[in-house]
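Spelled out, the chains give:
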Amino acid sequence: MSDNKQDMPYLMEDGTLVVPFSCPDHEYKYWKKEGKKLSEVLADLNTDKETWYKFTTDKHPDDIPAKEESAEESTDGGE
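Reading guide: rules and limits
Residues numbered from 1 in each chain as written. Predicted model: local features only at pLDDT ≥ 70, side-chain atom pairs only at ≥ 80, totals over all residues. Heavy atoms only, no water. Phe/Tyr/Trp six-rings, centres within 6.5 Å; stacked < 30°, edge-to-face > 60°. Buried < 20%, exposed > 50% of the residue type's maximum accessible area, 1.4 Å probe, protein only. Lys NZ or Arg CZ within 6 Å of the ring centre and 35° of its normal. Salt bridge = Lys/Arg side-chain N within 4 Å of Asp/Glu carboxyl O. Helix = DSSP H or I, 4+ residues; strand = E, 2+ residues; numbered from the N terminus. Core = buried A, V, L, I, M, F, W, Y, C linked by side-chain atoms within 4.5 Å. Contact = heavy atoms within 4.5 Å.

**Quick notes on the packing of aromatic side chains**
Then, number 1: Counted according to the given criterion, the structure contains 1 aromatic pair.
Then, number 2: When the ring of Tyr30 is compared with that of Trp31, the centres are 5.1 Å apart and the planes differ by 85 degrees; the resulting orientation is edge-to-face.
Then, number 3: For Tyr30, a relative accessible area of 34% corresponds to the partly exposed category.
Then, number 4: Above the ring of Phe21, the side-chain terminus of Lys29 is found at 5.6 Å from the ring centroid.

**Some details on the pattern of salt bridges**
Then, number 1: One pass over the full model with this rule turns up 3 salt bridges.
Then, number 2: A salt bridge links Asp44 to Lys36, with the nearest nitrogen and oxygen atoms 2.4 Å apart.
Then, number 3: The partner of Lys49 in a salt bridge is Asp63, with the nearest N and O atoms 2.8 Å apart. Taken together, the residues span a long stretch of sequence, with Lys49 in helix α2 (residues 49-55) and Asp63 in the loop between α2 and α3 (66-74) at a distance of 14 residues.

**Some points on the nonpolar core**
Then, number 1: Listed in full, the 8 residues of the largest apolar core are Leu17, Val19, Cys23, Tyr28, Leu38, Val41, Leu42 and Trp52.
Then, number 2: Leu38 has contacts with Leu17, Tyr30 and Phe55, leaving out every residue within four places of it along the chain.

Spelled out as C-alpha coordinates, the structure:
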(Lines give C-alpha, C1' and ligand atoms only; values in the text may rest on other atoms or scores of the structure.)
Protein backbone atom coordinates (compact mmCIF):
# COMPACT_ATOMS: atom_id res chain seq x y z
CA MET A 1 0.00 0.00 0.00
CA SER A 2 1.04 3.54 -0.64
CA ASP A 3 0.54 6.78 1.24
CA ASN A 4 0.57 8.61 -2.07
CA LYS A 5 -1.98 11.46 -2.14
CA GLN A 6 -3.20 10.14 -5.52
CA ASP A 7 -4.43 7.05 -3.69
CA MET A 8 -6.93 9.08 -1.66
CA PRO A 9 -10.54 9.78 -2.74
CA TYR A 10 -11.24 12.90 -4.77
CA LEU A 11 -13.91 14.56 -6.87
CA MET A 12 -13.30 15.07 -10.56
CA GLU A 13 -14.13 18.41 -12.16
CA ASP A 14 -17.46 17.01 -13.42
CA GLY A 15 -18.43 15.90 -9.89
CA THR A 16 -17.55 12.22 -10.27
CA LEU A 17 -16.43 10.68 -6.97
CA VAL A 18 -13.27 8.61 -7.34
CA VAL A 19 -12.15 6.21 -4.63
CA PRO A 20 -9.03 4.54 -6.04
CA PHE A 21 -8.71 0.80 -5.54
CA SER A 22 -5.27 1.50 -4.08
CA CYS A 23 -6.71 3.78 -1.36
CA PRO A 24 -5.08 2.52 1.84
CA ASP A 25 -7.86 3.84 4.11
CA HIS A 26 -10.80 1.43 3.85
CA GLU A 27 -13.00 3.91 5.72
CA TYR A 28 -13.38 5.80 2.42
CA LYS A 29 -14.73 2.68 0.72
CA TYR A 30 -18.30 3.44 1.73
CA TRP A 31 -19.63 0.26 0.15
CA LYS A 32 -17.60 -1.92 2.51
CA LYS A 33 -18.71 -3.00 5.97
CA GLU A 34 -15.93 -0.99 7.62
CA GLY A 35 -16.56 2.05 5.42
CA LYS A 36 -17.95 5.41 6.46
CA LYS A 37 -21.36 6.58 5.30
CA LEU A 38 -21.22 8.17 1.86
CA SER A 39 -22.26 11.51 3.36
CA GLU A 40 -19.25 11.36 5.71
CA VAL A 41 -16.91 10.76 2.78
CA LEU A 42 -18.47 13.68 0.91
CA ALA A 43 -18.10 15.90 3.99
CA ASP A 44 -14.41 14.93 4.28
CA LEU A 45 -13.97 16.07 0.68
CA ASN A 46 -15.71 19.42 1.33
CA THR A 47 -18.23 18.67 -1.41
CA ASP A 48 -20.32 21.57 -2.69
CA LYS A 49 -24.10 21.38 -2.29
CA GLU A 50 -24.90 20.71 -5.95
CA THR A 51 -22.55 17.73 -6.12
CA TRP A 52 -23.60 16.53 -2.64
CA TYR A 53 -27.25 16.17 -3.61
CA LYS A 54 -26.31 14.14 -6.70
CA PHE A 55 -25.05 11.42 -4.35
CA THR A 56 -27.25 11.55 -1.26
CA THR A 57 -30.45 12.90 0.23
CA ASP A 58 -28.70 13.48 3.57
CA LYS A 59 -28.47 17.15 4.51
CA HIS A 60 -25.38 19.04 3.40
CA PRO A 61 -23.32 20.22 6.41
CA ASP A 62 -24.14 23.85 5.53
CA ASP A 63 -27.88 23.05 5.71
CA ILE A 64 -27.79 21.65 9.24
CA PRO A 65 -29.19 24.27 11.63
CA ALA A 66 -26.77 25.57 14.25
CA LYS A 67 -29.15 24.58 17.06
CA GLU A 68 -28.72 20.87 16.15
CA GLU A 69 -24.96 21.25 16.46
CA SER A 70 -25.25 23.02 19.83
CA ALA A 71 -27.65 20.32 21.08
CA GLU A 72 -25.00 17.69 20.29
CA GLU A 73 -22.41 19.71 22.22
CA SER A 74 -24.64 19.89 25.29
CA THR A 75 -25.02 16.10 25.37
CA ASP A 76 -21.23 15.73 25.51
CA GLY A 77 -21.24 16.89 29.14
CA GLY A 78 -19.17 19.96 28.31
CA GLU A 79 -19.78 21.60 31.68
